[in-house]
Amino acid sequence: MAHQPLTFVVVVEDESIFTYDVKIRAVWAVKGSKPIILTTGSHRKTCLFGALAEDGTQLFRQYSNADSDSFLPYMKELKRKYPKMILFIDKVAYHKKEARVKKFFRKNKDCIKVRWFPTGFPEANPMEECWNQGKDKVLGSRFYDSFGDFKKTITKYYRTKRFKLDLYKYLCH
């Protein structure tokens, strides 16, 4: 039986910052009284890296920062999951200008074909919908007792949620 060559898979990637503080959209209060809103005041944050592939698979990982120190380990995981990919990413500075990232893409040019999303056009990236859904469902107007609980909830949501998005509707926008 002949071995089938691996084909390229279309993958879209993005990062998003989740801030550990309550974002109140609306609150009920007795007319004339001042509403009481719980807040952490800490402004601690966690960063999520995510990717969706045309076959419906996905990969989400949480890091402390959105920078090349986090992006490179994430890219290595992404490459293990998708050995040959056409990768759509945005033009954030550490994707495009960071020497180590440029070197990684050069070294892997035969298996990772990088395509850039247009500047200032987040509507072309389906990952933005994933972030919007997560921030609405996970964060909403909820208060978390600890930063650890906040991070665990984000991890659980993105590890169990299956996004059924048609990548081509976004890419061909």
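Residues numbered from 1 in each chain as written. Predicted model: local features only at pLDDT ≥ 70, side-chain atom pairs only at ≥ 80, totals over all residues. Heavy atoms only, no water.

(A) Representation of the side chain of His 95. Within the secondary structure, His 95 is located in helix H2 (residues 93-96). Given a relative accessible area of 1%, His 95 falls into the buried group. Here the side chain of His 95 touches Glu 15 through a polar contact of 2.9 Å, side chain to side chain. Contact partners of His 95, with chain neighbours within four places excluded, come to Glu 13, Glu 15, Phe 71, Ile 89, Asp 90, Val 101, Phe 105 and Trp 116. (Helix = DSSP H or I, 4+ residues; strand = E, 2+ residues; numbered from the N terminus. Buried < 20%, exposed > 50% of the residue type's maximum accessible area, 1.4 Å probe, protein only. Polar contact = N/O pair within 3.5 Å; in protein donor to acceptor, adjacent residues only side chain to side chain. Contact = heavy atoms within 4.5 Å.)

(B) Broad picture of the environment of Leu 48. Checked against the element boundaries, Leu 48 lands in strand E2 (residues 44-53). Along the sequence, Leu 48 and Tyr 158 sit 110 residues apart, while their C-alpha atoms lie 9.2 Å from each other. When near neighbours in sequence (up to four residues on either side) are disregarded, Leu 48 contacts Asp 14, Glu 15, Ser 16, Phe 18, Phe 60, Arg 61, Gln 62, Trp 131, Ile 154 and Tyr 158.

(C) View of the nonpolar core. Residues Val 11, Met 75, Leu 78, Met 85, Leu 87, Phe 105 and Ile 112 are the most contacted members of the largest nonpolar core, which totals 24 residues. For this core, the secondary-structure elements that each account for two or more residues are strand E1 (9-20), E2, strand E3 (58-63), helix H1 (68-81), strand E4 (85-89), helix H3 (99-107) and strand E5 (112-116). With five residues, H1 is the largest single contributor of residues to this core. Residues within four places of Val 11 in sequence aside, it is in contact with Ala 51, Leu 52, Ala 53, Leu 78, Tyr 82, Met 85, Ile 86, Leu 87 and Phe 88. Membership of the second largest hydrophobic core comes to 23 residues, among which are Phe 18, Phe 60, Cys 130 and Val 138. (Core = buried A, V, L, I, M, F, W, Y, C linked by side-chain atoms within 4.5 Å.)

(D) Here's a closer look at the pattern of salt bridges. Evaluation of the coordinates by the stated rule reveals three salt bridges. Note that Arg 100 and Asp 69 form a salt bridge whose closest N and O atoms lie 2.7 Å from each other. Here Arg 100, found in helix H3, pairs with Asp 69, found in helix H1; they are 31 residues apart in sequence, far enough to count as distant. With a relative accessible area of 51%, Asp 69 lands in the exposed category. The network of salt bridges with common partners includes Asp 69, Glu 98 and Arg 100. (Salt bridge = Lys/Arg side-chain N within 4 Å of Asp/Glu carboxyl O.)

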